[in-house]
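Structural characterization, general
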Amino acid sequence: MKGKVKHYLEYYNGGVRKTEVFKTASARNKRVAEIEKGGRMLQSLGEGDRYVVSEALKISRRHEFSLLDAARKMAGIKENSQSPLISELLPVFLKVYRGRVLNKRSRDSVEQVLNMLNALHGHENCRNVDAAMIESFVTGRENSPCTNNNYLRRLNRFFAWAKKQGYIKENPVKDVESFAQGQAEPETMSPEDVRKLMDWSKSNDKALMVYFAIGFFSGARVAEIERLKLTDINVKDRIITVRRSKTGRKRNLTINDTLARFLEISSELDFRNLRKRKRVALKATGVKWAQNIMRHSFASYHVATYRNPVELALEMGHIGNVRVLYDHYLDASIHKESGNKYWNL
């Protein structure tokens, strides 16, 4: 009499060869389907989830217990346990976030806000953080409504992740209303004050003069200027190449006659200690500064003089979106006479 047929299944798990024996082919096939389903689940995991699983496996192997047993045990006690402190969870999130977000500026801005939160509320359990605490943290810094909304977006990245990982039940940021933003008039600089800055920097800091010249007379964003290299400035062909704009695309800026006159004096680029050097120049000249004042001035004087918003939108990187200029950049009080003074500096 023949013996019963045994059905074998061999596979690799964590680099270790495994063998399982089944009495029937259907039982073996069922086990194969389970393994394949598990593989597909792992492949579908996001980068953050894969990191969490990887770290959990390392711990379970080091202490010789099953990850499944640990999960089952935690499921029974999680509701009665406290969530981690903010100071404990932030490093885990930031490690995942740094690996996921390539843009350094975006990473740094999120990390800056979360570090401020940690300094103030790091001792709090994550589940104890509510909307009132978030709103108090944001408004307590006396920032503009726009900045407050930026803070909320950066905080939301952390708490949305914490909810997804099961550390908190609800995201407290979702219950905080966004801050109303009034439409403030763009601030521009008079031709007389621009001349003061250009004259002072030409005599005392030529690299700062180049920074001011590109900012006031090309329409480049501050971040775009600070990323420029000497090879990006082609005075002969009257082009400045911005290799990475706000949208991530390359674009060219025109070197107009006004900008060319200053670049003929110097095209030195040196953005080290820029804020300090700018403060020295402002104090020496008595000129008042405002956020985005160079770009606002360029746009307002350009429209006042040349009356070509379509060309201006192209220069400023707002292709096909002239409305943005009128909503955010143009000072309607500037007339052609002031524009002529500006471009003849």
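In the block above lies the structure referred to throughout.
What counts as what
Sequence order as written defines residue numbering, which begins from 1 separately in each chain. With pLDDT at 70 or above as the cut-off, local features in this predicted model cover only qualifying residues; side-chain atom pairs require 80 or more to be listed or tallied, and sums for whole chains, interfaces and linings still use all residues. Derived side-chain values reflect all non-hydrogen atoms in the structure, with water molecules and hydrogen atoms excluded from consideration. The numbering of helices and of strands both runs from the N terminus, where a helix is a DSSP run of H or I of at least 4 residues and a strand a run of E of at least 2. Remark: exposure states derive from per-residue accessible area (1.4 Å probe, protein chains only) relative to the maximum for the residue type, with buried under 20%, exposed over 50%, and partly exposed in between. Throughout, a contact is declared for two residues whenever any of their heavy atoms are within 4.5 Å. Surface exposure here means Shrake-Rupley accessible area, sampled with a 1.4 Å probe, where a residue is shielded only by the protein chains that are shown. DSSP-based pairing: two strands are paired if at least 2 bridges between them are found. Given the number of residues in a helix, its expected span is that number minus one, multiplied by 1.5 Å. Bend, at a single residue, is the angle you get between axes fitted to the 7 residues ending at that residue and the 7 residues starting at it. Salt bridges are identified by distance alone: a Lys or Arg side-chain nitrogen within 4 Å of an Asp or Glu carboxyl oxygen. Within 6.5 Å between ring centres, the rings of Phe, Tyr and Trp (the latter by its six-membered ring) count as paired, and their orientation is classed by plane angle as stacked under 30 degrees, edge-to-face over 60, tilted in between. Axes here refer to lines fitted to C-alpha atoms; in helices the fit is confined to the stretch in contact. Angles between the N-to-C directions go from 0 to 180 degrees. When an angle is under 35 degrees it counts as roughly parallel; over 145 it counts as roughly antiparallel; between 65 and 115 it counts as roughly perpendicular; any other value is oblique. If you view the pair so one helix is near and one far, a crossing is left-handed when the near helix is turned anticlockwise from the far one by less than a right angle, and right-handed when it is turned clockwise. Ten residue types, Ala, Val, Leu, Ile, Met, Phe, Trp, Tyr, Cys and Pro, are classed as nonpolar, four, Asp, Glu, Lys and Arg, as charged, and the remainder, Gly among them, as polar. By nonpolar core is meant a set of buried Ala, Val, Leu, Ile, Met, Phe, Trp, Tyr and Cys residues that side-chain atoms within 4.5 Å join together. Pairs of N or O atoms within 3.5 Å make up the polar contacts considered here, provided that, within protein, one atom can donate a hydrogen while the other can accept it, and that residues adjacent in sequence are counted only when both atoms are side-chain atoms.

1. Comments concerning the overall build of the chain
If you tally the helices and strands in the chain, you get 16 helices and five strands. Within the chain, buried positions represent 38% of all 345 residues. When contacts within the chain are restricted to residue pairs at least 6 apart in sequence, those whose partners lie at least 24 apart make up 62%. Here the chain has roughly 21700 Å² of accessible surface; of this, 49% comes from carbon and sulfur atoms.

2. A look at the sheet that holds strand β3 (residues 233–234)
Strand pairing in a sheet relies on backbone hydrogen bonds. The paired strands run either parallel or antiparallel. Taken together, three strands build an open sheet; the order of strands is β3-β4-β5 and the sheet is antiparallel. Of all the strands in the sheet, the pair left with one neighbour each is β3 and β5 (251–254). Relative to strand β4 (residues 239–242), β3 runs antiparallel, the two being bridged by two bridges. Looking at β4, one finds that I233 is bridged to I240.

3. Looking at helix α7 (residues 145–164)
Between the first and last C-alpha of α7 there are 28 Å, a value that for 20 residues agrees with the 28 Å anticipated at 1.5 Å per step. Where α7 bends most, at N156, the angle is about 25°. For α7, the full list of buried residues reads N148, N149, Y151, L152, L155, N156, F158, F159, W161 and A162. At its buried positions, α7 is contacted by α4 (86–100), α5 (104–121) and α6 (131–139).

4. Quick look at helix α13 (residues 293–306)
Between its first and last C-alpha atoms α13 spans 20 Å; for 14 residues at 1.5 Å apiece the expected length is 20 Å, and the two agree. Most of α13 sits inside the fold, with 13 of its 14 residues counted as buried. Positive backbone phi, approximately 50°, marks R307, located one or two places after α13.

5. Some points on the pattern of salt bridges
Within this structure, the stated rule accounts for eleven salt bridges. The salt bridge involving D108 is made with K104; its shortest N-O contact spans 2.7 Å. Remark: K104 and D108 occur in helix α5; sequence separation between them is four residues, near one turn of the helix. Residue classification places K104 among the exposed residues on the basis of a relative accessible area of 53%. Note that E170 and K163 form a salt bridge whose closest N and O atoms lie 3.7 Å from each other. Relative accessible area serves as the criterion here: at 56%, E170 is assigned to the exposed category. Residues joined by salt bridges that share partners form a network here, namely R221, E224 and R251.

6. Description of the packing of aromatic side chains
Per the stated rule, a full pass over the model turns up 19 aromatic pairs. Centre to centre, the rings of F93 and F158 are 5.5 Å apart; their planes meet at 70°, and the pair counts as edge-to-face. Taken as a pair, F93 in helix α4 and F158 in helix α7 lie far apart in primary sequence, 65 residues in all. Each member of the pair, F93 as well as F158, is classed as buried. Measuring from centroid to centroid gives 6.3 Å for F212 and F216, while their planes differ by 45°, and the two rings are tilted. Taken as a pair, F212 and F216 lie in helix α9 (residues 206–218) at a separation of four residues, close to a single helical turn. Across this residue pair, the class does not change: F212 and F216 are buried. Among the aromatic residues, those joined into a ring-pair cluster are Y211, F212, F216, F217, F262, F271, W289, F298, Y301, Y306, Y342 and W343.

7. Brief notes about the packing of α9 against helix α11 (residues 257–265)
Where α9 contacts α11, the two axes come as close as 9 Å, and the packing angle between them is 170°. Taken together, α9 and α11 sit at an angle that is classed as roughly antiparallel. The way α9 lies across α11 gives a crossing that is left-handed. On α11, the residues that touch K206, M209, V210, A213, I214, F217 and S218 of α9 are T258, L259, F262, L263 and I265. Among the residues making up the contact of α9 with α11, the classes are represented as nine nonpolar, two polar and one charged.

8. Here we look at the nonpolar core
Ranked by size, the top nonpolar core spans 44 residues in total, and within it F212, I214, F216 and F217 carry the most contacts. Among the elements of the structure, α8 (191–204), α9, β4, α11, α12 (274–285), α13 and α16 (336–343) are those that each provide at least two residues to this core. Counting residues per element, this core draws most heavily on α9, at nine residues. If sequence neighbours within four positions are ignored, F217 has contacts with V194, N256, T258, L259, F262, F298, Y342, W343 and L345.

9. Some words on unusual backbone geometry
You will see that R238, though not glycine, has its phi angle at about 60°, which is positive. Looking at where R238 falls in the secondary structure, it is placed in the loop between β3 and β4. On the accessibility criterion, R238 (32% relative accessible area) is partly exposed. Its identity is not glycine, yet N292 carries a phi of approximately 60°, on the positive side.

10. As for the side chain of N171
Position of N171 among the secondary structure elements: in the loop between α7 and α8. N171 sits in the buried class, given a relative accessible area of 6%. Of note is the side chain of N171, whose polar atom sits 2.7 Å from the side chain of N156. When residues no more than four places from it in sequence are discounted, the contact partners of N171 are N156, F159, A160 and K163.

Structural measurements only, silent on function.
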